[in-house]
Amino acid sequence: MVKLNDKEIGWLRNNYPQMVYDEVRSVISGLFYINHCYKGITIKDRFKIEVRLYAMKDREEYPVVYNPDGRILKIAKRKNMKNEDLHVYTNNSLCLGLPARFYEYYPNGFDLQTFFKHLSEHLYWVAYYERYNKAPWPAELHGDDAVIELLCENLNVTLNCKTKLEELRKIYKRKFGRGIAISKLIRRLKEPLFIEKFIRL
């Protein structure tokens, strides 16, 4: 379980007075205010948020975050979108990013200030979509598609790594409903349009 230290508790109290930290349960909850600007468009909004720090084994992973009043799910329903398209998992927790990309966001491990900046950007994306019916920037992919994208970013490394190729083989079987030999998968991955097809299937 991760707990906030005294410095983080003080920072939270000074910067997000509407968010309360329950030290016994190690949960931060309350109204999370955003005031974020992207390409000249400022959005001020607030979301009811619960951050379950107790669900973290250590500071090397994302916390589990919920929107307890279901506002994000209601936005998805109103817009006829899948919940995952607004970055909500099937258990109603928020998808903050692919676990394998954690260190891109938190190179020194989880810290509260970086996390709240990340959460503010995440909720800006949702609020922007609610207002303008489009994304302010391309969203990260989800599930298997996110893994494919990650593994194919540096294709030469993946093509020479048996573990990564095996992971792609498993995804291939789930998506196409049949297996594929590694040698054939390697050939297909070198085809210019295959990765895009693999992701979009």
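Residues numbered from 1 in each chain as written. Predicted model: local features only at pLDDT ≥ 70, side-chain atom pairs only at ≥ 80, totals over all residues. Heavy atoms only, no water.

*Asks:* Before we move on, can you summarise the nonpolar core with the specific residues and values?
*Replies:* Core analysis: the largest hydrophobic core is formed by 41 residues, its most contacted members being I28, I49 and F115. Broken down by element, this core gets its largest block of residues, 11 residues, from helix α4 (residues 112-132). Once residues lying within four places of it in the same chain are set aside, the contact partners of I49 are M19, I28, S29, G30, F32, V65, Y66, P68, L94, L119 and L123. Membership of the second largest hydrophobic core comes to 20 residues, among which are L151, C152, F176 and L189. (Core = buried A, V, L, I, M, F, W, Y, C linked by side-chain atoms within 4.5 Å. Buried < 20%, exposed > 50% of the residue type's maximum accessible area, 1.4 Å probe, protein only. Helix = DSSP H or I, 4+ residues; strand = E, 2+ residues; numbered from the N terminus. Contact = heavy atoms within 4.5 Å.)

*Asks:* Account for helix α8 (residues 182-189), with residues named and values stated.
*Replies:* Quick reminder: α-helices carry 3.6 residues per turn. Residues three or four places apart thus point the same way. The set of residues buried in α8 consists of L185, R188 and L189. All buried residues of α8 lie within an arc of 95° about the axis, which places them on one face of the element. On its buried face, α8 sits against α5 (143-153), α6 (155-159), α7 (162-176) and α9 (194-200). (Arc of directions from axis to C-beta.)

*Asks:* Lay out the pairing of strand β2 (residues 27-38) with the relevant residues and their values.
*Replies:* One ladder, built from 4 bridges, connects strand β1 (residues 19-22) with β2; its direction is antiparallel. Within β2, the residue paired with M19 across the bridge is G30. Linking β1 back to β2 in an antiparallel pair, the connection comprises 4 residues, with S26 at a positive phi of about 55°. When β2 meets strand β3 (residues 41-52), the two strands line up antiparallel, connected through 12 bridges. By the bridge assignment for β3, Y33 is matched with R46. Between β2 and the antiparallel strand that follows it, β3, lie 2 residues; K39 among them carries a positive phi value of about 50°. (Pairing = 2+ DSSP bridges.)

*Asks:* Outline α7, supporting the account with residue identities and numerical values.
*Replies:* Between its first and last C-alpha, α7 extends 20 Å over 15 residues, near the 21 Å set by a 1.5 Å rise per residue. All of the buried residues in α7 are L165, L168, I171, Y172, K175 and F176. Down the axis of α7, the buried side of the element spans an arc of 120°, and every buried residue falls inside it. The exposed residues of α7 that point more than 90 degrees off its buried face are K162, T163, K170, K173 and R174. The inward-facing, buried residues of α7 contact α5, α6, α8 and α9. Just beyond α7, the residue with positive phi is G177, at close to 80°. (Expected span 1.5 Å × (residues − 1).)

*Asks:* Can you break down the sheet that holds strand β4 (residues 64-66) residue by residue, with the values?
*Replies:* Strand order in the open sheet formed by 4 strands is β1-β2-β3-β4, with antiparallel pairing between adjacent strands. At either end of the open sheet lies a strand with only one pairing partner, and these are β1 and β4. The mean inter-strand angle of the sheet, taken between neighbouring strand axes irrespective of direction, is 40°. As paired elements, β3 and β4 share 3 bridges and run antiparallel to each other. Its bridge partner being in β4, V51 is matched across the sheet by V65. Along the sheet, α4 makes contact with β2, β3 and β4, crossing β3 at roughly 120°. (Axes fitted to C-alpha atoms, helices over the stretch in contact; angles between N-to-C directions.)

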